[in-house]
Amino acid sequence: MSFIELKNVCKEYANTNKKAVTDFNLKIDEKEFIAFVGPSGCGKSTTLRMIAGFEEITSGELYIDGKKMNEVAPRDRGISMVFQNYALYPHMTVEKNISYGLKNMKVPSKEIKKKVDWAIDILGLSEYRYRKPKNLSGGQRQRVALGRAIVKDQKVFLMDEPLSNLDAKLRVSMRNEISKLHRNLGSTTIYVTHDQVEAMTMADRIVIMKDGVVQQIGKPMDLYEHPVNKFVAGFIGSPQMNFYNVKVDGNKITFADGNSISVNEEISDKLKNRKEVILGIRGEDIKFDPQNIDVFKENRQKAVIENTEIMGNENNLYFEFGGTSSVARVSKYEVAGVGEEVEFVFVPHRIHFFDIATEEAISI
Ligand code: ADP
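Residues numbered from 1 in each chain as written. Predicted model: local features only at pLDDT ≥ 70, side-chain atom pairs only at ≥ 80, totals over all residues. Heavy atoms only, no water.

A. Molecular detail of the site of the ligand. Near the ligand, the surroundings consist of Tyr-13, Thr-16, Ala-20, Pro-39, Ser-40, Gly-41, Cys-42, Gly-43, Lys-44, Ser-45 and Thr-46. Contact between the ligand and Cys-42: an oxygen atom at 3.1 Å from a main-chain N or O atom of the residue. The separation between an oxygen atom of the ligand and a polar side-chain atom of Thr-46 is 2.5 Å. Out of a free accessible area of 560 Å², the ligand has 57% covered by protein chains. Split into classes, the residues belonging to the shell around the ligand amount to four nonpolar, six polar and one charged. (Near = heavy atom within 4 Å. Polar contact = N/O pair within 3.5 Å; in protein donor to acceptor, adjacent residues only side chain to side chain. Areas by Shrake-Rupley, 256 points an atom, 1.4 Å probe, with all protein chains shown as cover. Nonpolar A, V, L, I, M, F, W, Y, C, P; charged D, E, K, R; others polar.)

Structure (structure tokens):
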């Protein structure tokens, strides 16, 4: 039996004539770490808030640990939640902020001390125990907010963009801390983020949404390697997958600028009866090195580098190809200067194809 289950959950806010969430179906196992990801306004927070009980479920059913939760008050659902605005009590110390909720729950004071000591220790907050929030950094405040949530000892942990107020470096280290915390506590976690990197790096499974509708549910690499549509392909991965509208004629694929490549029989067979498709290729599957160019030489292309991004560990090369601004991701040893003409190939078996009208992936 799954630990949390959403069955055809819908949300329509009053005074709107559009569903914010449509037929959300998901089964979550105990101890799983699930990320809801998608662009702003796609319904992630609404879904999380329905699970928490802060938002009424318009239709459909929610089960936690086998019990129907639709009508159950938030405090009786066995969840604790961390928000983007962690709203610590400014006049209380770290210790008091963490213990406050337990006092409200009438937990015996000995027990409170034990739990607070544990949380302060696990979150590395010992030296800040008696400080107030205004004397803490953003990351430390976020850890206090996490502490407040973990001492409640709930089985379900809900997090709504908990890292979005932090700077980039801190986000990376907090990502790590939350993952470790999840492994230590083993609580079933749902984590809302608009940042695909957070979803990819932290989650056991990702639920990707668009306009209130779940697009795909899967392990991070499943979504990366086998996106079900162009939206998922474009949302997951950075830099974004390159997309080209191309013409198909037998085994010949022609780009908008007249350049063409040939595909093998297996692929041309899957594309038969189609005149036009969307071709997608990730930046790292465009190759500039002599070996790859030699292996796939019949599909060799040329372009002029228009811009480069030197990242240190790797480089992004921008160039115009196929009538579209394209980007390739190459190793730090492959530096090409702006204005330089380069040769490259698309690795044929790494190419994705999508239906021109529905944008759904064509399985190859
Ligand atoms: P996300 O968390 O993915 O950014 P939300 O769940 O906050 O998206 O919002 C989903 C949709 O519901 C959006 O179109 C948003 O404008 C709408 N929405 C959110 N809250 C309310 C509300 N209280 N009343 C009316 N519409 C709302």
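B. View of the pattern of salt bridges. On inspection of all chains with the given rule, the structure shows 17 salt bridges. Two residues, Arg-49 and Glu-55, come together in a salt bridge whose shortest N-O distance is 3.6 Å. By relative accessible area, which is 28% here, Arg-49 ends up partly exposed. Residues Asp-65 and Lys-155 are paired through a salt bridge, measuring 3.8 Å at the closest nitrogen-oxygen approach. Of this pair, Asp-65 sits in the loop between strand 4 (59-64) and strand 5 (67-68) while Lys-155 sits in the loop between helix 4 (138-150) and strand 7 (156-160), placing them 90 residues apart in sequence. Residue Lys-155 is classed as partly exposed on the basis of its relative accessible area of 45%. (Salt bridge = Lys/Arg side-chain N within 4 Å of Asp/Glu carboxyl O. Buried < 20%, exposed > 50% of the residue type's maximum accessible area, 1.4 Å probe, protein only. Helix = DSSP H or I, 4+ residues; strand = E, 2+ residues; numbered from the N terminus.)

C. Focus on the nonpolar core. In terms of nonpolar packing, the biggest core is built from 43 residues, with Ile-98, Leu-125, Leu-146, Ile-178 and Ile-208 touching the most fellow members. At five residues, the largest contribution of residues to this core is made by helix 4. Not counting residues within four places of it along the chain, the set of residues in contact with Ile-178 comprises Phe-33, Leu-146, Met-159, Pro-162, Leu-163, Tyr-191 and Met-202. Membership of the second largest hydrophobic core comes to 28 residues, among which are Val-248, Ile-253, Ile-305 and Leu-317. (Core = buried A, V, L, I, M, F, W, Y, C linked by side-chain atoms within 4.5 Å. Contact = heavy atoms within 4.5 Å.)

D. The arrangement of the packing of helix 2 (residues 94-104) against helix 3 (residues 109-122) in detail. Closest axis-to-axis distance for the helix 2/helix 3 pair is 10 Å, and the angle between their directions is 135 degrees. As far as their axial angle goes, helix 3 and helix 2 are oblique. The handedness of the crossing between helix 2 and helix 3 comes out as right-handed. Along its contact with helix 2, which presents Glu-95, Ile-98, Ser-99, Leu-102 and Lys-103, the element helix 3 presents Ile-112, Lys-115, Val-116, Ala-119 and Ile-120. Across the contact of helix 2 with helix 3, the residue classes break down as six nonpolar, one polar and three charged. (Axes fitted to C-alpha atoms, helices over the stretch in contact; angles between N-to-C directions. Parallel < 35°, antiparallel > 145°, perpendicular 65-115°, else oblique. Left-handed = near helix turned anticlockwise from the far one by under 90°.)

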